[in-house]
Amino acid sequence: MSEQERNEVNYSNVRKDRVVTNSTGNPINEPFVTQRIGEHGPLLMQDYNLIDSLAHFNRENIPQRNPHAHGSGAFGYFEVTDDISDICGSAMFSEIGKRTKCLTRFSTVGGDKGSADTVRDPRGFATKFYTEEGNLDWVYNNTPVFFIRDPSKFPHFIHTQKRNPQTNLRDADMFWDFLTTPENQVAIHQVMILFSDRGTPANYRSMHGYSGHTYKWSNKKGDWHYVQVHIKTDQGIKNLTIEQATEIAGTNPDYCQQDLFEAIQNGNYPSWTVYIQTMTELDAKKLPFSVFDLTKVWPQKQFPLRRVGKLVLNENPLNFFAQVEQAAFAPSTTVPYQEASADPVLQARLFSYADAHRYRLGPNFHQIPVNCPYASKFFNPAIRDGPMNVNGNFGSEPTYLANDKSYNYIQQNRPIQQHQEIWNGPAVPYHWATSPGDVDFIQARNLYRVLGKQPGQQKNLAHNIGIHVEGACPEIQQRVYDMFARVDRGLSEAIKSVAESKHASELSSNSKF
Ligand code: NDP
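Since the model is a prediction, treat every value here as computed from it, not as a measurement. (Residues numbered from 1 in each chain as written. Predicted model: local features only at pLDDT ≥ 70, side-chain atom pairs only at ≥ 80, totals over all residues. Heavy atoms only, no water.)

Asks: Give me empty space enclosed by the protein: which residues, what numbers.
Replies: Evaluated as defined, the whole model comprises 6 cavities of 30 Å³ or more. Volume-wise, the largest cavity comes out at about 70 Å³. Forming the boundary of the largest cavity are L136, D137, W138, Y140, Y215, W217, P331, T334, Q338 and E339. Residue assignment for the lining of the largest cavity shows that the elements contributing at least two residues are β4 (134-141), β6 (215-218) and β10 (338-340). By residue class, the composition of the lining of the largest cavity is 6 nonpolar, 2 polar and 2 charged. The space that makes up the second largest cavity amounts to roughly 60 Å³. Lining the second largest cavity we find N142, R198, P201, S206, M207, H208, Y210, I237 and N239. (1 Å grid on protein atoms, 1.4 Å probe; cavity = no way out; pocket = protein on both sides within 12 Å on 5 of 7 lines; lining within 4 Å. Points joined across faces, edges and corners; volume = space filled by probe spheres on them. Helix = DSSP H or I, 4+ residues; strand = E, 2+ residues; numbered from the N terminus. Nonpolar A, V, L, I, M, F, W, Y, C, P; charged D, E, K, R; others polar.)

Shown next, in the form of structure tokens:
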């Protein structure tokens, strides 16, 4: 959507002559007077302008996201640089040079709206593409894996990242109690990334984004592949040390918001190169882990990155609330030829994200301009009515579809994916939260080796964990040392020595997250 188009949508209701009115459009003579009896008597109920303004003020806030409440966003475009028509038939990839408008929102996860930008936390990296086949949301993070692989754990895990119900404080005991419980140590890989320096990115422009999940993309012939997406920063990775992140959280909590806004305002547009990894169903069956396991990456030597295009952010929102706070991203918002895989966390997100927006913004959230599929248009007169219906509600169109002969609608005839996975088995509870043996520690050890090739990174990992774990009780601290000893004994000892240092006790009260 061009800036002009967006302004027209956003300001279509605004008087051009700028005469101040109340919300019903009645001009107000003087906005700063209240009607009262005499000069100092009580106020009058008939002063609708005052009531209008106070009542609306009370309703300015909408429920914040839970999680990912705190974030920043900007508009831009995706440009195709390489042909991937053998992998994906989506229109946005149809020709080299093609551009698709988009909106990206970056966020922290655990913090409340208004919390500091530089806390240690994964970062959300969500992009809405306005394609001619409908909107597409890539709701990604800046880490390639996640803490859990069974969605039943999600509310429990997120609660441990938030506040203690009694003290209303972030709580190192809650945090490490959950993560060191043997059934939850599948998180070790993500915990290692979180506590590496990439857990405190210097700004949103200097970090990568990853699908994390496996998706299923197909070409126009119906052949399909498992796909993972990598969005790699062209600015280069830049991180903060724990000391820098802690200081900035106090001196400029909106550091990353300011950095993104000012970079774009100054014409220094951030960009990312988008790659995919692809895998056949046969390859997936040979993996030593499940292709649907969100705690694992695909080794790049075996599944090399293949370049697709460029993501560029070049336009600041004109209004943060309208265009970023009200933006609704959901993995279920997808286009032909890009489908979800059977990854259970992704399957659960297909429900829960759109559901969160129905709660937060109402069931007609897709009618809010920033969420409208403006490049494709929406036609389904059975999806109608509901609170805050503002798009004309399909006028006199029938309220139902019967068949394409009785009413004038067109049914798209797209070939479905061929050779689909075949699922077969009893409907039983499946215990996948944990796995026997050591399999969940293998990639965490690989990462520790990757960190070993970069000066100071293994040391910083121990330093960052040690400072955080200093705030936990001794019994939980011991569980932390034992868990990291399964990655590397030297790492465990280094964490312990930092946790017992004076520096840790000085810093940990300020830098828990
Ligand atoms: P490779 O050596 O082929 O790849 C290493 C990967 O690690 C690169 O993607 C690199 O991305 C990334 N990396 C480098 N430094 C760090 C860091 N400090 N924190 C996080 N990631 C970093 O090996 P593998 O593919 O076998 O992966 C080895 C380990 O690397 C994995 O266990 C995983 O923890 C991590 N990793 C792997 C990814 C993958 O898709 N395979 C993606 C991201 C991380 P960059 O270009 O950003 O430096």
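So much for the structure itself; the text now carries on.
Asks: Could you give me a rundown of the UniProt feature "binding site: heme" (unreviewed entry) in the chain, with the residues and numbers involved?
Replies: The sites that carry the UniProt feature "binding site: heme" (unreviewed entry) are, in the present numbering, Y353. Structurally, Y353 is set in helix α10 (residues 344-361). (UniProt positions renumbered as here; feature names shortened; annotations may be inferred.)

Asks: Can you lay out the packing of helix α4 (residues 172-180) against helix α5 (residues 188-195) for me, pointing to particular residues and giving the numbers?
Replies: Look at α4 against α5: their axes get within 11 Å of each other, and the N-to-C directions meet at 140 degrees. Taken together, the axes of α4 and α5 lie oblique to each other. In this structure, α4 crosses over α5, and the sense of that crossing is left-handed. From α4, F175, W176 and L179 reach across to α5, where they touch V191, L194 and F195. Of the residues in the contact of α4 with α5, the class split is 6 nonpolar, no polar and no charged. (Axes fitted to C-alpha atoms, helices over the stretch in contact; angles between N-to-C directions. Parallel < 35°, antiparallel > 145°, perpendicular 65-115°, else oblique. Left-handed = near helix turned anticlockwise from the far one by under 90°. Contact = heavy atoms within 4.5 Å.)

Asks: Report on a nonpolar patch on the surface, specifying residues and quantitative values.
Replies: Taken together, the side chains of M45, Y48 and I51 make up a nonpolar region of the molecular surface, amounting to roughly 340 Å² of accessible area. Residue position: Y48 is located in helix α2 (residues 48-58). (Patch = residues over 30% accessible without salt bridge, like charges linked within 9 Å, V, L, I, M, F, W, Y side chains within 5 Å. Areas by Shrake-Rupley, 256 points an atom, 1.4 Å probe, with all protein chains shown as cover. Salt bridge = Lys/Arg side-chain N within 4 Å of Asp/Glu carboxyl O.)

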